[in-house]
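# Chain and residue survey
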Amino acid sequence: MFRSAAVRACRALSTVAVTTRVPAPVLARPILGPQFVRPSRVAGVVVGPRYYSAPATLSKQEVETRIIDLLKDFDKVTDKTKVTGTSRFANDLGLDSLDTVEVVMAIEEEFSLEIPDKDADAILSVDQAVDYILAQPDAH
């Protein structure tokens with residue numbers, strides 16, 4: 001019933017002649033005008049428009065800190081004080097090969113990327129993991 005009423009209304013509107021004049025469209029102001037530049041709360045600093053197309057790069061310190069925190073939270077690492085930027089997974093932290101695979105999978109989740117098996121087998125320390133993550137442009 002509703003559909004038939006809607007069809008009738010559309011037919012009625014399509015047969016009515018347009019007698020009113022439609023005004024010309026008004027041109028919009030430029031997007032990057034002064035209305036988008038706002039003063040910051042810090043005196044003397046003006047914050048401009050944000051550009052979201054530029055990728056944010058990760059610093060080495062940030063990547064290393066995130067991986068170290070990930071390893072400190074990993075339940076198979078017994079001595080949290082041994083986790084440093086130069087720690088090797090097997091020798092220093094006492095992880096076996098299966099634990100190393102789990103660490104690499106956790107690193108994949110942390111940085112939202114997929115590490116191929118060939119590259120994952122080569123990651124045996126925190127340094128190597130940091131270098132690999134920094135080489136990936138889509139890691140975040």
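- Per an unreviewed UniProt entry, the protein chain carries the name Acyl carrier protein and comes from Tuber magnatum.
- We quote the UniProt Subcellular location (unreviewed entry) comment for the protein chain here in full: "Mitochondrion".
- According to UniProt, the comment filed for the protein chain under the heading Pathway (unreviewed entry) is "Lipid metabolism; fatty acid biosynthesis."

### Here we look at the pattern of salt bridges
- Overall, the coordinates contain 3 salt bridges when judged by the stated rule.
- The salt bridge involving Arg 66 is made with Glu 110; its shortest N-O contact spans 3.0 Å. Pair noted here: Arg 66 is in helix α2 (residues 60-73) and Glu 110 is in helix α3 (residues 97-111), with a separation of 44 residues, a long-range link.
- Residue classification places Arg 66 among the buried residues on the basis of a relative accessible area of 19%.
- Residues Asp 99 and Lys 76 are paired through a salt bridge, measuring 3.4 Å at the closest nitrogen-oxygen approach. Taken together, the positions of Asp 99 in helix α3 and Lys 76 in the loop between α2 and α3 put the pair 23 residues apart, joining distant regions of the chain.
- Its relative accessible area of 7% is what places Asp 99 among the buried residues.
- Taking relative accessible area as the criterion, Lys 76 reaches 39% and is therefore assigned partly exposed.
- Through salt bridges that share partners, Glu 62, Arg 66 and Glu 110 make up one connected network.

The rules behind each value
Residues numbered from 1 in each chain as written. Predicted model: local features only at pLDDT ≥ 70, side-chain atom pairs only at ≥ 80, totals over all residues. Heavy atoms only, no water. UniProt positions renumbered as here; feature names shortened; annotations may be inferred. Salt bridge = Lys/Arg side-chain N within 4 Å of Asp/Glu carboxyl O. Helix = DSSP H or I, 4+ residues; strand = E, 2+ residues; numbered from the N terminus. Buried < 20%, exposed > 50% of the residue type's maximum accessible area, 1.4 Å probe, protein only.

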